[in-house]
Amino acid sequence: MTTNSADSPASPDVLEIEFSKGVPVKVTNAKAGKSLTVALQIFTYLNEIGGKHGVGRIDIVENRFIGMKSRGIYETPGGTILYHAHLDIETFTMDREVRKIKQGLGVRFSEQIYNGFWYSPECEFVRRCIAQSQDRVEGKVQVSVFKGQVYILGRESPKSLYNEELVSMDVQGDYDPCDASGFIRINAVRLKEYHRLQRADSQH
């Protein structure tokens, strides 16, 4: 399915992938004059593009459910492109603490699927939690697919949590950097105590 990246084309394919509630709903290749909105067609086309550029081939040693280790070589070019694009738009639109929880659930979800527990109550619960986490994951990501890699070129979203004025060093927004001093002192209490005990232990 995937071409050796050394033998892949000398010029990239630039794509725009649109997401709604975390689900890819449209892929556009402006240079090729191609735009797809049907889920199967999107995935098939991304497999074609990714495969042509040598994207998505891995060689790993993994742990099977019963405990033994096995070697596997997998190819998922379309899935790899979608993974990078989704990760980018998710970071752009999802609250930090929600994303931390979602990342942990993602690991559990993959284990449940790998071990054959799709129809289990715990897997149903995790799927619902992940689905809810995607409510605000909406927007477009521009990617370049080239020589075995997926490069993020840009993103846009009506539900972005990025506020340029808020984080600017040049524009006075609602955030005052001086407010961080109290936060730093509070966090330092734990660290000072930890190092006080370390010094005490070294003296014995």
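Structure first, text after, so check above.
Bear in mind the structure is a predicted one, so any value in this text is a computation, not a measurement.

J.: Help me understand the overall build of the chain in this model?
T.: Helix and strand counts for the chain stand at 6 helices and 7 strands. Start at the N end of the chain and walk to the C end: the helices and strands fall as β-β-β-α-β-β-α-α-α-β-β-α-α. Relative to the globule expectation of 17 Å for 204 residues, the C-alpha radius of gyration of the chain, 22 Å, shows a markedly less compact shape. In terms of its C-alpha atoms, the chain occupies a principal-axis envelope of roughly 65 × 55 × 40 Å. Looking at the 204 residues of the chain, the share that counts as buried comes to 29%. Taking as baseline every contact in the chain between residues at least 6 positions apart, the subset at least 24 positions apart corresponds to 59%. Accessible area of the chain: about 14,000 Å², with a carbon and sulfur share of 56%.

J.: Quick question: what am I supposed to make of helix H4 (residues 121-133) here?
T.: What sets the pattern is the α-helix's 3.6 residues per turn: residues three or four places apart point alike. When the terminal C-alpha atoms of H4 are compared, their 19 Å separation across 13 residues agrees well with the 18 Å that a helix rising 1.5 Å per residue should span. Within the sequence span of H4, burial applies to Cys 123, Val 126, Ile 130 and Ser 133. Angularly, the buried residues of H4 cover 80° about the axis, an arc narrow enough to put them on a single face. Within H4, the exposed residues directed more than 90 degrees away from the buried face are Pro 121, Phe 125, Arg 128 and Gln 132. In this structure, the buried residues of H4 make contact with helix H3 (96-114).

J.: Honestly, the sheet that holds strand S7 (residues 149-156) in this entry has me stumped. Any pointers?
T.: Picture the strands of a sheet paired through backbone hydrogen bonds; they go either parallel or antiparallel. Sheet architecture is open: 5 strands sit in the order S3-S2-S1-S6-S7, paired in antiparallel fashion. Of all the strands in the sheet, just strand S3 (34-36) and S7 have a single pairing partner and so form its edges. For this sheet, the mean inter-axis angle between neighbouring strands, taken without regard to orientation, is 25°. Bridge count for strand S1 (residues 13-20) against strand S6 (residues 139-146) is 7 bridges, and the pairing is antiparallel.

J.: Whenever I open this one, unusual backbone geometry confuses me. Can you help?
T.: Most peptide bonds take the trans configuration, and most residues that are not glycine carry a negative phi. Despite not being glycine, Lys 21 has its phi angle at roughly 55°, a positive value. Position of Lys 21 relative to the elements: it lies in the loop between S1 and strand S2 (23-29). Residue classification places Lys 21 among the partly exposed residues on the basis of a relative accessible area of 48%. In the Ramachandran plot, Lys 147 falls in the positive-phi region, its phi being about 50° despite a non-glycine side chain. Inspection of the secondary structure puts Lys 147 in the loop between S6 and S7. On the accessibility criterion, Lys 147 (32% relative accessible area) is partly exposed.

J.: Can you help me understand the environment of Ile 42 in this one?
T.: Note on placement: Ile 42 falls in helix H1 (residues 39-52). For the pair formed by Ile 42 and Leu 161, sequence separation is 119 residues and the distance between their alpha carbons is 27 Å.

J.: I would appreciate a short explanation of the pattern of salt bridges in the present structure.
T.: Opposite charge on two side chains lets them pair, provided their charged atoms get close. Taken as a whole and assessed by the stated rule, the structure comprises 12 salt bridges. In this structure, Glu 90 engages Arg 99 in a salt bridge whose closest nitrogen and oxygen atoms are separated by 3.4 Å. Among the residues examined, Glu 90 registers a relative accessible area of 2% and is labelled buried. Note on Arg 99: relative accessible area 15%, which makes it buried. Measuring nitrogen to oxygen at the nearest pair gives 2.8 Å for the salt bridge that ties Glu 124 to Arg 128. In this pair, Glu 124 and Arg 128 both sit in helix H4, 4 residues apart, roughly one turn of the helix. With relative accessibility at 34%, the residue Glu 124 sits in the partly exposed group. The network of salt bridges with shared partners includes Glu 90, Arg 99 and Lys 102.

The rules we used
Residues numbered from 1 in each chain as written. Predicted model: local features only at pLDDT ≥ 70, side-chain atom pairs only at ≥ 80, totals over all residues. Heavy atoms only, no water. Helix = DSSP H or I, 4+ residues; strand = E, 2+ residues; numbered from the N terminus. Rg over C-alpha atoms; globule rule 2.2 N^0.38 Å. Buried < 20%, exposed > 50% of the residue type's maximum accessible area, 1.4 Å probe, protein only. Contact = heavy atoms within 4.5 Å. Areas by Shrake-Rupley, 256 points an atom, 1.4 Å probe, with all protein chains shown as cover. Expected span 1.5 Å × (residues − 1). Arc of directions from axis to C-beta. Pairing = 2+ DSSP bridges. Axes fitted to C-alpha atoms, helices over the stretch in contact; angles between N-to-C directions. Salt bridge = Lys/Arg side-chain N within 4 Å of Asp/Glu carboxyl O.

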